[in-house]
Amino acid sequence: MNEQKLWQSALNEIELQLSKANFITWFKNTYIASKKGGVVHVAVPNAFSREWLENKYNKYIFKALRDKDGNIKEIKYIIENKKPVAQTAVSEYKQEEVEETQLQFEELQIDKETNLNPKYTFESFVVGPSNELAHAAAVSVSKKPGLMYNPLFIYGGVGLGKTHLLQAVGNKFASKDKSVVYLTSERFTSEFISAIQHQGIEGFKDKYRKINVLIIDDIQFIAGKEQTQEEFFHTFNALHEQNKQVILSSDRPPKAIPTLEERLRSRFEGGMLVDIGYPDYETRVAILKTKIKNKNVSLEEDVINYIATSVQRNIRELEGALNLIIASSKLNNNEMDLERAKKILSHLTHKPQKPITYKKIVQTVSNFYEIKEKELLGKNRKREIVVPRQVAMFLMRKEMKSSYPFIGERFGGKDHTTVIHACEKIEKEMRENNDREEELDFIKQQLYSD
Ligand code: ADP
Ligand code: MG
């Protein structure tokens, strides 16, 4: 049996013992790099995967390989990214390597000055009835910044394309004039605080009052932060007076943001308010087809339609479901049919969503990383515990909107700055690291699954 076949048949056995999500997360892009004198070198894409395979799955891997070849005595894990195509056990074609390199390249391309991600463009945005107004407003603003609608305020639920549209305007503008900055209101707040702490407030004022287009995502998080609101109010006025464009997003309209200062609320309402709603079936299918085309893969029509029916209220999750299907299809020699798809997405379909609780997050995260809940909530500082703990904190912040001090309290009385650090770290990793983003997609799908 050659190495590729050996690994494939070992994977078939291992797959039966793990959850789908775990299997895909940890075994994707692995292969046998060499086999000599009873020692098998298994190649993995990064240090994190190596740690996991060594510490958690070695016994499964060892057993599966040894069942096939009794001479195997030891498994070693090595990090290797550039796999020769012929050696990969999961059947892939050259195209994927090209695509992956492009993806990594794209991520590195997040502009250091503007913070814009070039993948968010108008070209890659599918327009449908749920978002056509917001799209039209964004396009107008990108053509005549500062003159049409100021500020442009886009609001709507999670995963419906607000960030995409905001950044599309930014990218369009940046192609002519780099004087645009994109940031979340949380980042605005933390830069402001750090400017105060380090006597850099003049520099801070200067930076944000000089640019031509200021884009602040998720402005609702500024609520309740009085000093930051005050500073933002002055920044806003300074820009507005000079006809500089301000673009904002929020998960709800200004009047529904509690503890937002009245004067800011009235400024926001003085511009153009547009909402993004849930995409209809046709738009969901169109979005899936666009993504499939960009990923250079193919899927049967009925599978695509099935994905579109399974996820209705969140385009990020729609993409997550698609990625799950594609990953699974790649692990199975590009085979995918409606029956398989139904199995893979069975956790998603037509279940009323219960609100997410602290307990559920702790349970789901411990399950996913296969650690004990006690460890997750404890003080162990081993990396394999610390990362899941940070993920759990991040999810409490994002999915439950818990306050930082509250989260700290729940995780063994940690200081709120520790929690802020954890959330920012995971957020950054998600932006810069495909694997982390995928992991979180999986976890969120499980979180919302029953
Ligand atoms: P939000 O900021 O509203 O939470 P995002 O802008 O981050 O949502 O969108 C979530 C994901 O869905 C992103 O990957 C984005 O590219 C994709 N997406 C959202 N709307 C569309 C659309 N109309 N066409 C194509 N992709 C979309
Ligand atoms: Mg967003």
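These numbers come from a predicted model, not from an experiment.

Quick notes on unusual backbone geometry
- Note the cis peptide between Asn-150 and Pro-151, where omega equals 0°.
- By the secondary structure assignment, Pro-151 is in the loop between helix H5 (132–143) and strand E4 (152–156).
- Not every positive phi belongs to a glycine, and Asn-29 is a case in point at roughly 60°.
- Considering the arrangement of structural elements, one finds Asn-29 in the loop between helix H2 (20–27) and strand E1 (31–36).
- For Asn-29, a relative accessible area of 14% gives the class buried.
- A positive phi angle, near 55°, is found at Asn-243, a position not held by glycine.
- Structurally, the position occupied by Asn-243 is in the loop between helix H9 (226–241) and strand E7 (245–250).

Some words on the side chain of Arg-389
- By the element assignment, Arg-389 lies in helix H17 (residues 383–400).
- Despite its burial, Arg-389 pairs with no opposite charge, the nearest such side chain being Glu-375 at 8.1 Å.
- Within polar-contact distance, the side chain of Arg-389 engages the backbone oxygen of Glu-375 at 3.1 Å.
- In this structure the side chain of Arg-389 is engaged in a polar contact, spanning 3.0 Å, whose partner is the backbone oxygen of Asn-380.
- Beyond its immediate chain neighbours, meaning those up to four positions away, Arg-389 contacts Glu-375, Leu-376, Gly-378, Lys-379, Asn-380, Phe-411 and Lys-414.

Things to note about the environment of Ile-292
- Within the secondary structure, Ile-292 is located in helix H11 (residues 281–295).
- On the basis of relative accessibility, which here comes to 7%, the residue Ile-292 falls in the buried class.
- Sequence separation of Ile-292 and Leu-377 is 85 residues, and the distance between their C-alpha atoms is 39 Å.
- Among all residues touching Ile-292, those that are not within four sequence positions of it are Val-297, Ser-298, Leu-299, Ile-304 and Leu-322.

What counts as what
- Residues numbered from 1 in each chain as written.
- Chains lettered and ligands numbered in written order.
- Predicted model: local features only at pLDDT ≥ 70, side-chain atom pairs only at ≥ 80, totals over all residues.
- Heavy atoms only, no water.
- Helix = DSSP H or I, 4+ residues; strand = E, 2+ residues; numbered from the N terminus.
- Buried < 20%, exposed > 50% of the residue type's maximum accessible area, 1.4 Å probe, protein only.
- Lys, Arg positive; Asp, Glu negative; His and termini not counted.
- Salt bridge = Lys/Arg side-chain N within 4 Å of Asp/Glu carboxyl O.
- Polar contact = N/O pair within 3.5 Å; in protein donor to acceptor, adjacent residues only side chain to side chain.
- Contact = heavy atoms within 4.5 Å.

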